[in-house]
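Working through the structure, step by step
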Protein chains: 2
Amino acid sequence: MNEKPFFSLDEYRARLAAVKESMHRAGTEVLLVTDPANLNYLTGYDGWSFYVHQGLLVALDRDEPVWFGRMQDANGARLTTWLSDDSIRGYADHYVQSNLRHPMEFAADLLRELSADKRRLGVEKDNYYFTGAALESLTRSLPQATILDANLLVNWVRLVKSPAEVACLRQAARIVEKVMAKAVEVIEAGVREGDAAGEVVKAQLSGTEEFTGDYAAIMPIMPSGIRTSAAHLSWIDRRYETGDLVLLELAGNRRRYHAPLSRTLVIGQPPAELEDLGQGVIDGLNETLAFIRPGVTGEEVEACWRRAISGSKVVKESRMGYAFGLNYPPDWGEHTVSLRPGDKNVLKPGMAIHVMPGVWLERFGFECSEPIVVTETGCEKLVDFPRRLFRK
Amino acid sequence: MNEKPFFSLDEYRARLAAVKESMHRAGTEVLLVTDPANLNYLTGYDGWSFYVHQGLLVALDRDEPVWFGRMQDANGARLTTWLSDDSIRGYADHYVQSNLRHPMEFAADLLRELSADKRRLGVEKDNYYFTGAALESLTRSLPQATILDANLLVNWVRLVKSPAEVACLRQAARIVEKVMAKAVEVIEAGVREGDAAGEVVKAQLSGTEEFTGDYAAIMPIMPSGIRTSAAHLSWIDRRYETGDLVLLELAGNRRRYHAPLSRTLVIGQPPAELEDLGQGVIDGLNETLAFIRPGVTGEEVEACWRRAISGSKVVKESRMGYAFGLNYPPDWGEHTVSLRPGDKNVLKPGMAIHVMPGVWLERFGFECSEPIVVTETGCEKLVDFPRRLFRK
């Protein structure tokens, strides 16, 4: 009944080898991984235990990484990872949310046990799950270590997806097609926003007849009316009314792999300015999708978008896309490639990008996006869902 | 159509005054709040924007706090908070997930504008949303500031709930009663775990006839079979089978306020050792609930539990409860009071505690919990749901 390991052991070993290669190049002898997506990527570890400090110690001179976390989650590591028992270490409960001791003191003890306390230690400095206090605790506990910023080191390895990962993305895409269809179906005047949100998340988790879904790293973003002028609001306790505009930024999730998708819906007659804006966004999106291929950079994609919308009424200051894939709350983005000025990253086959030209104006917004995978010759649109303004 | 402000302006002002009083006592002149729950607590701010850096600057010598975040979320602050426009500052998109500039440089500029760059600045050092890189960026950008650890300063103020907050907890409790009933109803042999999870979350968001629900800070914890030996696993893509044990740690959520609840269910005949274990946990929980009253400490409550289970087969090393309330992912716990040895905090009326005696053994686990609010004479059990092992 256990799903472990989800990918083949060969795949996990290849990922680990790529990370060690990257560590070697960066002059990092030991890496402390705290991003839950990176823990999962390297070992399969899966659990909602990231609300306490946990991590993975990857040492160049040790075959297996060492997982550490709260004792009551160690069985979770045994059940979901390919690690041997010797590489799974639980800490006592008096480390949890205590002002007397920090779990990073336990990590420092482990590093001493691995004879790695005087090494060059990389940490994911800007990760949600590596706090300022964690950095200070490690620095204090390991006076002879050299602490380096290895932020996103594993994320950059994750950027190009394997065929098995792309298969997960495609399954997530099947789910999000059903999720978006359900949202368009249930939202109408008189329906409570919370009831619509419930149907949306039920569709996310139920998935398809062939496979069920998992939780997305972001709960449904589905503001209505004036609230569509902000980018990240969810439902509130009201009933939809005729005239409401509704933004839908939703994802399907399969084994922690996402397929994010945005669409816009209007109940009743859309204002003329919205139709113009929407058509401008959709035309620009279509041109951008036709442009994407290996060899172009993130900023070149954005420049294509900017040219495409230059004759329209669309004004957009923010980035218009980003890499996505495996993730846990609070973000399905991978924080690597961004489609924006200054991004010199060259697109390669296997990269997954959410092309997301959302626009948020003073009184309303409009979103229409596509998640794609870069192929040898262009891009594969993961999702099959009409690109238009939906009217109810 | 806007829900702002959810609580009265008087309530927000009283919360802010209490935080400023606490800052004053701690010798903190300015406080950088990054915990999304604390942003909401002080201003009403609500949005899934915590995946980028954002915060609230609370200065003793400025009436209103200053919200800062990504430009596209500034309208969200206008729509959900009581702050005036002058106290809402959006940063340009080139700060987002960039290796060229950190959003805390924007915060440092704001502090200079407030003439607060040479002050004693408190930060929430061990909060998920205050990374090691954020601490380093602030330290570098504000060489004349004194940076202090103000971790949990606002959380300690949040610990005692107002009557309006307790009303939210009670509404969340109405929701979780329906959520748990739905879980017990739908889980049976042959049902896919993901379909059951979908029904559970739909019940969370649909809420009751009177009010809808909001997303909980933790997605359903509902492992089955051998996976019940770990504390924080969710559903997987399989069908329940006769003989399965299922742990259910679920919450209702109303306006970001939680009511968490745990129960255990068995499909078919429970093993005798599970019945003994379960009865021991439930008896111990009941004795503990009868003991809780103002004036006793966290460790005294835990000692009562320990005495109660001393004649049973229950062995538990981890804490058996914690403060909860308003929260965002990844945790509904408040990281203040814990029911465990060494916790000297004295319980007071208005504190909300999840009394959570979960036990995770080698082959299976058992959970039965109650969320309570301390009253003048004892405690109010928020939830009305049978405390027993459920059999299907």
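Here is what the cut-offs are and how they apply
Residues numbered from 1 in each chain as written. Chains lettered and ligands numbered in written order. Predicted model: local features only at pLDDT ≥ 70, side-chain atom pairs only at ≥ 80, totals over all residues. Helix = DSSP H or I, 4+ residues; strand = E, 2+ residues; numbered from the N terminus. Buried ≥ 20, exposed ≤ 12 C-beta atoms within 10 Å, placed from the backbone. Contact = placed C-beta atoms within 7 Å. Nonpolar A, V, L, I, M, F, W, Y, C, P; charged D, E, K, R; others polar. Domains from an automatic or database assignment. Axes fitted to C-alpha atoms, helices over the stretch in contact; angles between N-to-C directions. Left-handed = near helix turned anticlockwise from the far one by under 90°. Pairing = 2+ DSSP bridges. Expected span 1.5 Å × (residues − 1). Least-squares fit on C-alpha atoms with pLDDT ≥ 70 in both. Core = buried A, V, L, I, M, F, W, Y, C linked by C-beta atoms within 7 Å. Parallel < 35°, antiparallel > 145°, perpendicular 65-115°, else oblique.

Side note on the overall build of chain A
Check the secondary structure of chain A and you find 10 helices and 16 strands. Dimensions of chain A, computed from the C-alpha atoms along their principal axes, are close to 70 × 45 × 40 Å. Expressed as a percentage of the 392 residues in chain A, the buried residues total 60%. For chain A, the proportion of contacts with a sequence separation of at least 24, taken over those separated by at least 6, is 70%.

As for the interface of chain B and chain A
Of the residues lining the interface, 71 residues belong to chain B; the matching set on chain A comes to 71 residues. Of all the secondary-structure elements, those providing two or more residues to the side of chain B that touches chain A are α3 (71-80), α5 (132-141), α8 (193-206) and β10 (333-338) of chain B. In terms of residue class, the side of chain B that touches chain A is made up of 30 nonpolar, 24 polar and 17 charged.

Structural notes on the domain arrangement of chain A
Residue and element names in this part refer to chain A. According to the domain assignment, chain A contains domain 1 (9-158) and domain 2 (163-391). A straight line from the C-alpha centre of domain 1 to that of domain 2 covers 33 Å. Counting from both sides, the interface comprises 12 residues of domain 1 and, opposite them, 10 residues of domain 2. If you list the elements that add at least two residues to the side of domain 1 that touches domain 2, you get α2 (36-43) and α6 (153-158). In terms of residue class, the side of domain 1 that touches domain 2 is built from 7 nonpolar, 2 polar and 3 charged.

Some details on the packing of helix α9 (residues 272-291) of chain B against helix α10 (residues 298-309) of chain B
All names here are of chain B. Interaxial distance between α9 and α10 falls to 8 Å at its minimum, and their mutual angle equals 140 degrees. As for the relative orientation of α9 and α10, their crossing is right-handed in sense. Residues Gly-280, Asp-283, Gly-284, Glu-287, Thr-288 and Phe-291 of α9 lie in contact with α10, whose contacting residues are Val-301, Cys-304, Trp-305, Ala-308 and Ile-309. Split into classes, the residues belonging to the contact of α9 with α10 amount to 6 nonpolar, 3 polar and 2 charged.

Things to note about the sheet that holds strand β4 (residues 88-91) of chain B
Residue and element names in this part refer to chain B. The 6 strands lie next to each other as β4-β3-β2-β1-β5-β6, forming an open sheet whose pairing is mixed. Each of the sheet's edge strands pairs with one partner strand only, and the pair in question is β4 and β6 (146-149). Each adjacent strand pair in this sheet contributes to an overall mean axis angle of 25 degrees, direction not counted. Two strands pair when backbone bridges link them, and strand β1 (residues 30-33) and strand β5 (residues 120-123) are joined in this way by 3 bridges, in the parallel orientation. Looking at the pairing, Val-30 lines up with Leu-121 of β5.

Let's talk about α8(B)
All names here are of chain B. Taking 1.5 Å as the rise per residue, α8 with 14 residues should run 20 Å; its terminal C-alpha atoms sit 20 Å apart, in good agreement. For α8, a buried count of 14 out of 14 residues is recorded, marking the element as mostly surrounded by other parts of the structure. Gly-207 occupies a position one or two residues after α8 and carries a positive phi of about 65 degrees.

Considerations on unusual backbone geometry
For the bond running from Pro329(A) to Pro330(A), omega is 15 degrees, close enough to zero to count as cis. Position of Pro330(A) relative to the elements: it lies in the loop between β9 (321-324) and β10 (333-338). Backbone geometry places Ser115(A), a non-glycine residue, at a positive phi of 55 degrees. Mapped onto the elements of the fold, Ser115(A) is located in the loop between α4 (103-113) and β5 (120-123). The class for Ser115(A) is exposed, based on 11 C-beta atoms found within 10 Å. In this structure, Arg256(B) takes a positive phi of about 75 degrees despite not being glycine. Relative to the elements of secondary structure, Arg256(B) occurs in the loop between β7 (245-254) and β8 (257-266).

Overview of the relation of the copies chain B and chain A
Least-squares fitting of chain B to chain A yields an RMSD of 0.0 Å, with the transformation described by 0.0 Å of translation along the axis and a rotation of 180 degrees. Taken together, these values place the two copies in the relation of a two-fold axis. Residue by residue, 100% of the interface of chain B is reproduced at the interface of chain A, so both copies engage with the same surface.

Points about helix α4 (residues 103-113) of chain B
All names here are of chain B. Within α4, burial applies to Pro-103, Met-104, Phe-106, Ala-107, Ala-108 and Leu-111. Considering only its buried residues, α4 is in contact with β1, β2 (55-59), β3 (66-70), β4 and α5. Ser-115 occupies a position one or two residues after α4 and carries a positive phi of about 55 degrees.

Details of the pairing of β2(B)
All names here are of chain B. Along β2, 5 of the 5 residues are buried, which leaves the element largely enclosed by surrounding structure. In β2, alternate side chains face the same way, and those of Gly-55, Leu-57 and Ala-59 on one face and Leu-56 and Val-58 on the other are all buried. Hairpin connection from β2 to β3: 6 residues lie between these consecutive antiparallel strands.

Things to note about the environment of Lys381(B)
Residues and elements named next belong to chain B. For Lys-381, the position within the fold is in strand β15 (residues 379-381). Note: C-alpha distance between Lys-381 and Ala-352 (29 residues apart in sequence) is 9.9 Å. When sequence neighbours within four positions are dropped, the list of residues in contact with Lys-381 reads Leu-289, Glu-370 and Ile-372.

Points about the nonpolar core
The biggest cluster of nonpolar side chains holds 264 residues, and the ones touching the most others in it are Val176(A), Ala259(A), Val176(B) and Ala259(B). Once you skip the residues sitting within four places of it in the chain, Val176(B) turns out to touch Leu250(B), Ala251(B), Gly252(B), Ala259(B), Leu261(B) and Val383(B).

Side note on the packing of α4(A) against helix α5 (residues 132-141) of chain A
Residues and elements named next belong to chain A. For the pair α4 and α5, the least separation of the axes is 8 Å and the interaxial angle reads 40 degrees. One element, α4, and the other, α5, form an angle in the oblique class. In the packing of α4 onto α5, the handedness of the crossing is right-handed. Of α5, the residues touching α4 (which contributes Met-104, Glu-105, Ala-107 and Ala-108) are Ala-134, Ser-137, Leu-138 and Ser-141. Split into classes, the residues belonging to the contact of α4 with α5 amount to 5 nonpolar, 2 polar and 1 charged.

A closer look at the sheet that holds strand β9 (residues 321-324) of chain B
All names here are of chain B. One open sheet holds the 5 strands; their spatial order is β10-β9-β11-β14-β15, and the pairing between them is antiparallel. The sheet is open, and its two borders are formed by β10 and β15, each paired with just one other strand. Within the sheet, the average angular offset between the axes of one strand and its neighbour, ignoring direction, is 35 degrees. Summarising the sheet, β9 and β10 pair through 2 bridges and their orientation is antiparallel. Opposite Phe-324, over in β10, you have Gly-333 as the bridge partner.

Some words on the environment of Glu177(A)
Residue and element names in this part refer to chain A. Checked against the element boundaries, Glu-177 lands in helix α7 (residues 163-186). Put simply, Glu-177 and Phe-385 are 208 residues apart on the chain and 6.5 Å apart in space, counted from C-alpha to C-alpha. In this structure, Glu-177 is in contact with Val-383, Asp-384 and Phe-385, ignoring residues within four places of it in sequence.

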